[in-house]
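Chain by chain, the residues run as shown.
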Amino acid sequence: MAASTPAPVSADLPSATPSYPAAASTSSRSAAAFWADADRHLVRYGGDFTREIIDRAAGSFLFTADGRKILDFTSGQMSAILGHSHPEIVATVQRQVATLDHLYSGMLSRPVVDLARRLAETLPAPLEKALLLTTGAESNEAAIRMAKLVTGKHEIVSFARSWHGMTQAAASATYSAGRKGYGPGAPGNFAIPVPNTYRPDFTTADGALDWRRQLDFAFDLIDAQSTGSLAACLVEPILSSGGIIEPPVGYFAALQAKCRERGMLLILDEAQTGLCRTGTWYAFERDGVVPDILTLSKTLGAGLPLAAVLTSAEIEQEAYDRGFLFFTTHVADPLVAAVGNTVLDVLTADKLDERARSLGTFLRAGLEDIAGRHAVVGDIRGRGLLAGLELVTDRETKHSSDELGARVTRRCLELGLHMNIVQLPGMGGVFRIAPPLTATEEELSLGLTILDEAIGDACAER
């Protein structure tokens, strides 16, 4: 029997492809039209937009549509640890997107299993089980959800200047911003004071921070408020949005002991500190503690949306037995998992933990040199290539000025340096400095020179 011939498609039928207005090319749209469109159509999600049209990025630099070259001292959103458009990341994305980019969430691919295994190999026992997600908020959401399920409790403790994300449970554990006007958060969230050695609240006889007394007092208050349902403590090893505050050596061991006494899990959020930025693979290594649950994001995808939750086989089994559910659209996606594997390749091959230590020492020396010339620099802190520089109007009183911080930030951008400043009540403006781990000494020197000039110019304006 002869095969039938398909009937011709009628010319009167509508096309399967809808017709849209032709989009003007990027280059043909004026800057004025661009900003008119942005102002008319974009939701403002965190203050004003930087008034630069970014055209491309490479290495440590951004390039604007009008030809300006800007040194990126924040690695994008503190994420692009290998710089922008790293050739190995570019090659991985091009290869992977052409073969396997996304799957039904219950399916697995080799990049996902490989990344889970390789992450476990970078971590101490018993952290060996991984859940691959997209953002830091999502990983913290999953970690909190897991902790509540496994412990059968619901109360979460975190630092008073924390930032863990903007989704419900993560936002409820975030105290540095975004709490007012949104109605009630998740029930059972408590804040404890930040052990800030530059601005101590509990002090020893010589005026130094008495963090042990502070921690004891904090948990006395937690115990008084708790309904007996303490599930977990979620903290950053170095508070970033809180002003690059690094708790003293010994603090996290004591905090973990407080958790153990109460049957709580310790969750460490290493969104910005994980994967070599601080000079070790993970910031918690300094303190000799191993968290019950570890969350990674930002640095893991080197600028692409990839995050992870890592925990022990015991906790994972208990969660599974209790029906743990975190089935999301992009859980275990192969495209970004392949990128994560490439990130681990580059970190290992180029020994970027050692490089972060070396460059961190270089950066610190440059910042201290700036402090020696400008009395408005009150404190320098951080570890590796995550540094903080706090501006004050008076070193004795440590009084701060939002206006001074804004002037320095604005002048830096005018001179070709993108900086991020944290300004919180009771604290001066703190520059978060987090250049790519691939940056050169020459690039760091350029950034330091511009920052030095910007501080001088801003102070001259007063």
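Being a predicted model, the structure only gives us computed values, none of them experimental.

Criteria and cut-off values
- Residues numbered from 1 in each chain as written.
- Predicted model: local features only at pLDDT ≥ 70, side-chain atom pairs only at ≥ 80, totals over all residues.
- Heavy atoms only, no water.
- Helix = DSSP H or I, 4+ residues; strand = E, 2+ residues; numbered from the N terminus.
- Rg over C-alpha atoms; globule rule 2.2 N^0.38 Å.
- Buried < 20%, exposed > 50% of the residue type's maximum accessible area, 1.4 Å probe, protein only.
- Contact = heavy atoms within 4.5 Å.
- Phe/Tyr/Trp six-rings, centres within 6.5 Å; stacked < 30°, edge-to-face > 60°.
- Lys NZ or Arg CZ within 6 Å of the ring centre and 35° of its normal.
- Core = buried A, V, L, I, M, F, W, Y, C linked by side-chain atoms within 4.5 Å.
- Pairing = 2+ DSSP bridges.
- Axes fitted to C-alpha atoms, helices over the stretch in contact; angles between N-to-C directions.
- Lys, Arg positive; Asp, Glu negative; His and termini not counted.
- Salt bridge = Lys/Arg side-chain N within 4 Å of Asp/Glu carboxyl O.
- Polar contact = N/O pair within 3.5 Å; in protein donor to acceptor, adjacent residues only side chain to side chain.

A word on the overall build of the protein chain
- What the protein chain contains, in helices and strands, is 13 helices and 15 strands.
- Relative to the compact-globule value of 23 Å for 462 residues, the protein chain shows a C-alpha radius of gyration of 24 Å, a close match.
- Among the 462 residues that make up the protein chain, the fraction classed as buried is 52%.
- Long-range pairs, those at least 24 residues apart, make up 72% of the contacts in the protein chain with a sequence separation of at least 6.

With respect to the packing of aromatic side chains
- Enumeration according to the criterion identifies nine aromatic pairs in this entry.
- Counting every residue linked through ring pairs, the aromatic cluster contains Phe159, Trp211, Tyr251 and Phe252.
- Over the ring of Phe63 we find Arg56; its NZ or CZ atom is 4.0 Å from the centre of that ring.
- In this structure, Lys69 is placed above the aromatic ring of Phe61, and the distance from its NZ or CZ to the ring centre is 4.3 Å.

Quick look at the nonpolar core
- One finds Leu119, Leu255, Leu347, Val408 and Leu451 to be the most contacted residues of the largest nonpolar core, which totals 112 residues.
- Sequence-distant contacts of Leu347, that is, excluding residues within four places in its chain, are made with Ile81, Leu82, Leu275, Cys276, Trp281, Leu352 and Leu437.

What to know about the sheet that holds strand 4 (residues 127–133)
- The seven strands are arranged 4-10-9-8-7-5-6 in an open sheet whose pairing can be described as mixed. Strand pairing shows two members of the sheet lacking a second neighbour, strand 4 and strand 6 (189–192), which therefore form its edges. Each neighbouring strand pair of the sheet contributes to a mean axis angle of 20°, computed without reference to strand direction.
- Against the sheet, helix 7 (residues 211–225) touches strand 5 (155–159), strand 6 and strand 7 (230–235), its axis set at about 165° to strand 6.

Concerning the side chain of Asp269
- Take Asp269: it is sitting in strand 8 (residues 265–269).
- Buried within the structure, Asp269 lacks any salt-bridge partner; its nearest side chain of opposite charge belongs to Lys298, at an N-O separation of 8.9 Å.
- A polar contact is formed between the side chain of Asp269 and the side chain of His164, at a distance of 2.9 Å.
- At 3.0 Å, the side chain of Asp269 and the backbone nitrogen of Ala271 are in polar contact.
- Those residues in contact with Asp269 that sit more than four places away from it in its chain are Asn140, Trp163, His164, Leu234, Val235, Glu236, Pro237 and Thr295.

Remarks on unusual backbone geometry
- Put simply, Ala125 and Pro126 share a cis peptide bond, and its omega is 5°.
- Tracing the backbone shows Pro126 in the loop between helix 4 (110–121) and strand 4.
- One non-glycine residue, Ala302, adopts positive backbone phi at about 50°.
- Its location among the elements puts Ala302 in the loop between strand 9 (293–296) and strand 10 (307–312).
- Overall, the relative accessible area of 9% leaves Ala302 in the buried class.

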